[in-house]
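# Observations on the three-dimensional arrangement
Residues per chain, in single letters:
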Amino acid sequence: MKKDIFDILVEISEIMNTIFETDELIPQILNITEKFLNVKRVSLMLIDDNKLKIIAATNLPVNFKEIEIPIGEGISGRVAMSGKPVIVNNESSCEDELGYKAKSYLSFPLKVRDKVIGVLNLTDKENDFFNNTDVKIAGYIASQCALAINRFSLYEEKKKTEHLKVIGKFTSSIAHDIKNLLQIVQSYIELMEIEMEGESEIKLYIDSICTEVKLIHGLTLDILDFANKQINLRKSRVRLSDFLNEIKKHADILTNLTPIKFEVTFEEDIEFECDKEKLFRVFFNLINNSIEAVGENGNIGLDVKKKDGDLIFELIDDGKGIKKENIDKIFDPFFTSGKMKGTGLGLAVVKEIVQAHKGVITVESEENKYTKFTVRIPIV
Ligand SMILES: Nc1ncnc2c1ncn2[C@@H]1O[C@H](COP(=O)(O)OP(=O)(O)OP(=O)(O)O)[C@@H](O)[C@H]1O
Ligand SMILES: [Mg+2]
């Protein structure tokens, strides 16, 4: 007895629902199509880079994976573009787009909501033409197929994210250990500095080691903050002049073997509340970038003023500037450009810290002229 279409659809959905591995999905789709529609050839194409690429097929030469069909061209290309199926039933056989002779051809779009993700092609129904029932079954297989492919790609994405989370945890635990060890190294260097009082040349070396250690320390803190996402502030009252002196001292160490000029100016000395260490790291990162941007020589200036209840820090350098096409990306994590060893985390962390202070950071730049970062935080 001939099976009722309803039974066929139920059987197809039962088979599709038992697939749990990506590897099984595609062969099953081909099997189902062959089994229920009795065709000589089935091909499944997915859109990639505005072209249809055959990802699986029955009865095609082995090198079918190299075949690419531009969207809009040939029957399947047109189906992908219009999102509508095409049925061809010819009395005499004609060539399909892959160069095969066939009398009947059925091409269905694979759609997820309104988006076409590929095409399912059935060629040459055995001793027959495609009838209305075949079209319904093929349409149902195509819709189940699109949903399954979408479900699996979401699943793959999820697996990737979980993998990244594990790497993130691993990295932050290492960063945490390095940070603790560096704190010990830093304490020993400070002790050496005290012991070496007066021996100017060695003191210079110690200063340099100290700077490098602080750089590594800052980097580990960036990684930790970034992995934690949540930035916890430890606020205290800070005098602006003390804070700027700290920054100046640090910038001088970084530039003392170069002709780079670093200048700090401020209008009024006030007290404000902030996480001193973290805000220091904001300027430490920004100044590091400026030093890298000016190269061998240049000018960097930090000016601070009060306006409408906010403290405004403007850091300007006359370095290489930022390309227009990059300016929207510089605060993105891992965006780095023009550096050998940049991690691209500096500005992402800077932005997080400024926002944790309920502040904003903006940038202005012209290539080969200047870059200006403005940090604005409310005075509390
Ligand atoms: N003052 C600046 N002048 C020119 N380009 C800058 C300046 N500040 C940032 N940039 C650009 O923004 C990019 C991102 O900066 P960010 O501090 O986030 O990462 P990085 O400096 O590349 O690496 P990291 O800080 O982790 O060592 C830099 O690679 C650089 O191309
Ligand atoms: Mg940086």
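Just so you know, these numbers come straight off a predicted model, no measurement behind them. Counting from 1, residues in each chain are numbered in the order their sequence is written. Throughout, the order in which chains and ligands are written sets their labels, letters from A for the former and numbers from 1 for the latter. Residue-level local features of this predicted model are given only where pLDDT is at least 70; pairs of side-chain atoms are given and counted only at 80 or more, and the full residue set underlies all totals for whole chains, interfaces and linings. Excluded from the side-chain calculation are hydrogens and water; included are all heavy atoms of the structure.

### Quick word on the side chain of Asp134
- Secondary structure elements are taken from DSSP: a helix is a run of H or I of four residues or more, a strand is a run of E of two residues or more, and numbering for both begins at the N terminus. Within the secondary structure, Asp134 is located in helix α4 (residues 132–195).
- We define a polar contact as two N or O atoms separated by no more than 3.5 Å, with the added condition that, inside protein, one atom must be a possible hydrogen donor and the other a possible acceptor, whereas residues neighbouring each other in sequence contribute only through side-chain atom pairs. Here the side chain of Asp134 touches Lys125 through a polar contact of 3.2 Å, side chain to side chain.
- Contacts are assigned to residue pairs with any non-hydrogen atoms lying within 4.5 Å of each other. Setting aside chain neighbours within four positions, we find Asp134 in contact with Leu37, Leu106, Lys125 and Phe129.

### Describing the environment of Ser143
- Following the sequence through the fold, Ser143 ends up in helix α4.
- By relative accessible area, which is 32% here, Ser143 ends up partly exposed.
- Here the alpha-carbon distance between Ser143 and Leu110, two residues 33 residues apart in the chain, equals 6.1 Å. Residue exposure (1.4 Å probe, protein chains only): buried if accessible area is under 20% of the type maximum, exposed if over 50%, otherwise partly exposed.

### Things to note about the environment of Arg78
- Here Arg78 shows up in helix α3 (residues 74–82).
- Considered as a pair, Arg78 and Lys261 are 183 residues apart in the sequence and their alpha carbons are 63 Å apart.
- When neighbours within four sequence positions are excluded, Arg78 is seen to be in contact with Gly72, Glu73 and Gly83.

### Concerning the site of ligand 1
- Taken together, 19 residues are adjacent to ligand 1, and Asn289, Thr336, Lys339, Thr343 and Leu347 come closest.
- In this structure, an oxygen atom belonging to ligand 1 sits 2.8 Å away from a side-chain N or O atom of Asn289.
- The contact in question runs from a nitrogen atom of ligand 1 to an N or O atom on the side chain of Thr371, over 3.4 Å.
- Residue exposure ignores everything except the shown protein chains as possible cover, and the areas themselves are Shrake-Rupley values with a 1.4 Å probe. For ligand 1, whose accessible area on its own is 600 Å², the fraction buried by protein is 92%.
- Looking at the shell around ligand 1, the elements with two or more residues in it are α7 (276–294), α8 (346–356) and β13 (370–378).
- For the shell around ligand 1, the leading source of residues is α7, giving 3 residues.
- Charged means Asp, Glu, Lys or Arg here, nonpolar means Ala, Val, Leu, Ile, Met, Phe, Trp, Tyr, Cys or Pro, and polar covers whatever is left, Gly included. For the shell around ligand 1, a count of residues per class yields 7 nonpolar, 10 polar and 2 charged. The cutoff for a nearby residue is simple: one of its non-hydrogen atoms must lie within 4 Å of the molecule or strand.

### Quick word on the packing of helix α6 (residues 240–255) against α7
- Interaxial distance between α6 and α7 falls to 10 Å at its minimum, and their mutual angle equals 35 degrees. Judged by the twist between their axes, the crossing of α6 over α7 is right-handed. Of α7, the residues touching α6 (which contributes Phe243, Glu246, Ile247, His250, Ala251, Leu254 and Thr255) are Lys276, Leu279, Phe280, Phe283, Phe284, Ile287, Asn288 and Ile291.
- Tallied by class, residues from the contact of α6 with α7 come to 10 nonpolar, 3 polar and 2 charged. All axes are obtained by fitting lines to C-alpha atoms, using only the stretch in contact for helices, and the reported angles, taken between N-to-C directions, cover 0 to 180 degrees. What makes a crossing left-handed is the near helix being turned counterclockwise from the far one by less than a right angle; a clockwise turn instead makes it right-handed.

### Quick notes on the domain arrangement of the chain
- How far each domain reaches was decided by an automatic or database domain assignment. Per the domain assignment, the segments making up the chain are domain 1 (5–159) and domain 2 (232–378).
- Using only C-alpha atoms to locate each centre, domain 1 and domain 2 end up separated by 56 Å.

### Let's talk about the sheet that holds strand β10 (residues 299–307)
- Any two strands with at least two DSSP-identified bridges between them are counted as paired. What the 5 strands build is an open sheet, ordered β8-β10-β11-β13-β12; its pairing is mixed. Either end of the sheet is taken by a strand with one partner, and the two such strands are β8 (261–266) and β12 (360–366). Across this sheet, the average inter-strand angle for adjacent strands is 15 degrees, counted without regard to direction.
- When β12 meets β13, the two strands line up antiparallel, connected through 7 bridges. Within β13, the position partnered with Glu366 by the bridge is Tyr370.
- The strands touched by α7 within the sheet are β8, β10, β11 (310–317), β12 and β13, with β11 carrying the most contacts at an inclination of about 20 degrees.
- Sheet strands in contact with α8 are β12 and β13, and its direction is about 140 degrees off that of β12.

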